[in-house]
Amino acid sequence: MQCYRDLVNYLSSGMILAGLWHLYHHKKVQRAYGRYLGFSPQIQTVPARLGWFFLELPSLLIPLLLMLTSHKPSTMGKHLLLGTFCIHYFQRTFVYSLLTRGKPSPVVVMASGTVFCSVNGFLQGHYLLHCAKFDDAWSADYRCKTGLLLFCVGMAINIHSDYILRNLRKKGEIVYRIPTGGFFEYVSGANFLGEIVEWFGYAIATWSYPGIAFAVYSLCFIGPRAFYHHRFYREKFKDYPKLRKALIPFIC
């Protein structure tokens, strides 16, 4: 398959603009899902596990399909795609979604998330398989090594933080408790911090416009959620740790 570079650039630019729009639009009101979803019989929902499974699945399935149907894809691009992007979404699709104990997800949130993951899965997969130009020494380049290290650290933080959150409540419980341990000792949104670090590591390792576009979008989309969680915890728990920040340890 040929590289559709103009399409890649348009989609990447659109992703950055969409992230900035979301950041501006939701700076005062958080999107209604999870703990911010009020009860309303008019809101159609799906079970959390089912919703997360179908939302995350395209980000794994589409790159794999592109890989299987591509003629002579970039070898380094394929390795980076499998070793970072697909690994993350395998975990999100087949581990996180099946273990989550979250609230039911609105159908509109699941549908919009599925559309985004489909577009992003195509964008990242198509770029790395057909557009990226890596030389034979890229795996030894400091950018690739630094990016992969950040990606692995971020993924570890994300998975460990999800584990902590999941075990704050027993099955069937709908209660909120103060998370402790790991990076929750420093920030209220440790799971969000981990994922943001992941995608900036991915952007560095791939040294790509689609990569940085996705990292910026992730920062704009889930970054504010950390600040809303921080405010939620401080309002709900009078003994909430005063030195704990929202997203960036020791800073904010």
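Just above, that's the structure.
Worth saying up front: this structure is predicted, and the values here are computed from it rather than measured.

### Some details on the packing of aromatic side chains
Turning to step 1, where the next piece is worked out: Scanning all chains against the criterion turns up 22 aromatic pairs.
Turning to step 2, where the next piece is worked out: Taking 6.2 Å as the distance between ring centres and 40° as the angle between the ring planes, the aromatic pair formed by F116 and F214 counts as tilted. Taken together, the residues span a long stretch of sequence, with F116 in helix 4 (residues 107-131) and F214 in helix 7 (residues 209-236) at a distance of 98 residues.
Turning to step 3, where the next piece is worked out: Linked through ring pairs, F85, Y89, F116, F151, W199, Y202, F214, Y217 and F221 together constitute an aromatic cluster.
Turning to step 4, where the next piece is worked out: Over the ring of W52 we find R92; its NZ or CZ atom is 5.4 Å from the centre of that ring.
Turning to step 5, where the next piece is worked out: Sitting above the plane of the Y176 ring, R169 keeps its charged end 5.1 Å from the centroid.

### Focus on the state of the cysteines
Turning to step 1, where the next piece is worked out: Tallied over the entire structure, the rule returns one disulfide.
Turning to step 2, where the next piece is worked out: Disulfide pairing places C3 opposite C131 at an S-S distance of 2.0 Å. The chirality of the disulfide connecting C3 with C131 is right-handed, given an S-S dihedral of about 105°. Of this pair, C3 sits in the segment before helix 1 (5-25) while C131 sits in helix 4, and the two are 128 residues apart along the sequence.
Turning to step 3, where the next piece is worked out: Take C131: its relative accessible area is 2%, and that puts it in the buried class.
Turning to step 4, where the next piece is worked out: Cysteine C117 is unpaired, with the sulfur of C86 as its nearest cysteine sulfur at 13 Å.
Turning to step 5, where the next piece is worked out: Cysteine C152 remains unbridged, with the sulfur of C144 as its closest cysteine sulfur at 11 Å.

### A few points about the packing of helix 5 (residues 142-166) against helix 6 (residues 190-206)
Turning to step 1, where the next piece is worked out: For the pair helix 5 and helix 6, interaxial distance at closest approach is 7 Å and the crossing angle is 160°. It follows that helix 5 is roughly antiparallel to helix 6 by the angle criterion. Handedness of the helix 5/helix 6 crossing: left-handed.
Turning to step 2, where the next piece is worked out: Residues that form the contact of helix 5 with helix 6 fall into these classes: 13 nonpolar, seven polar and four charged.

### Considerations on unusual backbone geometry
Turning to step 1, where the next piece is worked out: Here W207, not a glycine, exhibits a phi torsion of approximately 45°, which is positive.
Turning to step 2, where the next piece is worked out: Judged by its relative accessible area of 51%, W207 falls in the exposed class.
Turning to step 3, where the next piece is worked out: Despite not being glycine, F250 shows a phi value in the positive range, around 70°.
Turning to step 4, where the next piece is worked out: You can call F250 exposed: its relative accessible area is 68%.

Analysis parameters
Residues numbered from 1 in each chain as written. Predicted model: local features only at pLDDT ≥ 70, side-chain atom pairs only at ≥ 80, totals over all residues. Heavy atoms only, no water. Phe/Tyr/Trp six-rings, centres within 6.5 Å; stacked < 30°, edge-to-face > 60°. Helix = DSSP H or I, 4+ residues; strand = E, 2+ residues; numbered from the N terminus. Lys NZ or Arg CZ within 6 Å of the ring centre and 35° of its normal. Disulfide = S-S within 2.5 Å. Buried < 20%, exposed > 50% of the residue type's maximum accessible area, 1.4 Å probe, protein only. Axes fitted to C-alpha atoms, helices over the stretch in contact; angles between N-to-C directions. Parallel < 35°, antiparallel > 145°, perpendicular 65-115°, else oblique. Left-handed = near helix turned anticlockwise from the far one by under 90°. Nonpolar A, V, L, I, M, F, W, Y, C, P; charged D, E, K, R; others polar.

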